[in-house]
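Structure at a glance
Listed here are the chains, written in short residue letters.
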Amino acid sequence: MTRKFQIAIVMMLLVLPVALVMAGGQNEGVVNTNEDGVAIKGYDAVAYFTEGKPVQGSAEYTVEWDDATWWFSSEEHRQMFADDPERYAPKYGGYCAYAASQGQVAEGDPELWTIHEDRLYLNLNERFQRRFRDDLSGSIAAADENWPELRAELASALEE
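On a predicted model such as this, the values are computed, not experimentally measured, just so you know.

Regarding unusual backbone geometry
Positive phi, normally seen in glycine, also occurs at Tyr92, with a value near 60 degrees. Structurally, Tyr92 can be placed in the loop between helix H4 (85-88) and helix H5 (97-101). Relative accessible area serves as the criterion here: at 1%, Tyr92 is assigned to the buried category.

A look at the side chain of Asn123
Tracing the backbone through its elements, the reader meets Asn123 in strand S4 (residues 119-123). Overall, Asn123 belongs to the buried group, its relative accessible area being 0%.

Considerations on the pairing of strand S2 (residues 68-72)
Taken across its 5 residues, S2 has 4 buried, putting it largely inside the fold. Two elements, strand S1 (residues 58-65) and S2, share 5 bridges in a ladder whose sense is antiparallel. Among the inter-strand pairings, Trp65 is bridged to a residue of S2, identified as Ala68. Between S1 and S2, which pair antiparallel one after the other, the connecting turn spans 2 residues, and Asp66 there sits at a positive phi close to 55 degrees.

Quick notes on the pattern of salt bridges
For the coordinates displayed, the defined rule picks out 3 salt bridges. We note a salt bridge from Arg78 to Glu75, for which the minimum N-O separation is 3.0 Å. Taken as a pair, Arg78 and Glu75 lie in helix H3 (residues 75-83) at a separation of 3 residues, close to a single helical turn. Relative accessible area serves as the criterion here: at 40%, Glu75 is assigned to the partly exposed category. Salt-bridge contacts for Asp118 lead to Arg87; the nearest nitrogen and oxygen are separated by 3.6 Å. In this pair, Asp118 sits in the loop between strand S3 (109-116) and S4 while Arg87 sits in helix H4, placing the two residues 31 residues apart along the sequence. The class for Asp118 is partly exposed, based on a relative accessible area of 41%.

Digging into the environment of Tyr121
The residue Tyr121 is located in strand S4 in this model. Relative accessible area serves as the criterion here: at 4%, Tyr121 is assigned to the buried category. Placed 27 residues apart in sequence, Tyr121 and Gly94 show a C-alpha to C-alpha distance of 7.1 Å. Residues contacting Tyr121, with those up to four places away along its chain left out, are Lys91, Tyr92, Ala97, Leu112, Trp113, Thr114, His116, Phe132 and Ile140.

Points about the pairing of S4
Taking burial as the measure, the 5 residues of S4 include 5 buried ones, the bulk of the element. Both faces of S4 are covered, namely the face carrying Arg119, Tyr121 and Asn123 and the face carrying Leu120 and Leu122. Across 5 bridges, the pairing between S3 and S4 is antiparallel. By the bridge assignment for S4, His116 is matched with Arg119.

What counts, and at which threshold
- Residues numbered from 1 in each chain as written.
- Predicted model: local features only at pLDDT ≥ 70, side-chain atom pairs only at ≥ 80, totals over all residues.
- Heavy atoms only, no water.
- Helix = DSSP H or I, 4+ residues; strand = E, 2+ residues; numbered from the N terminus.
- Buried < 20%, exposed > 50% of the residue type's maximum accessible area, 1.4 Å probe, protein only.
- Pairing = 2+ DSSP bridges.
- Salt bridge = Lys/Arg side-chain N within 4 Å of Asp/Glu carboxyl O.
- Contact = heavy atoms within 4.5 Å.

Here it is in structure tokens:
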């Protein structure tokens, strides 16, 4: 190995962990919670995938993740989420996906949901859900682009 190649490998090994920490989770502690810190109004995030519908969770089955408490309807769902929270947690911290696509933040309603390409999205109201679904790929691309700035604004507001 050349000296330059060795230095490049060492630098990569030093920088990669820092980059991964900075990238963090999709929400980085910015999850739409109620006044008790419960995410998505206590609905079971796994049930959307396993039962194809919103199901109210229970305080009996919980996971602490991303600075929020997540409720589940069964021990099986609780464990599935604990094993892979990024898979089941709604995008954009459970805030409205359509609003995020428009550069705004709005509540997400767990009763107004969409699964697209194995990801869960919530919307504020039926009108926003229709608009979101009318152009899923475009809405998601715009929301993905807007979310880092929106997330930073939410995190800043939560710190105040």
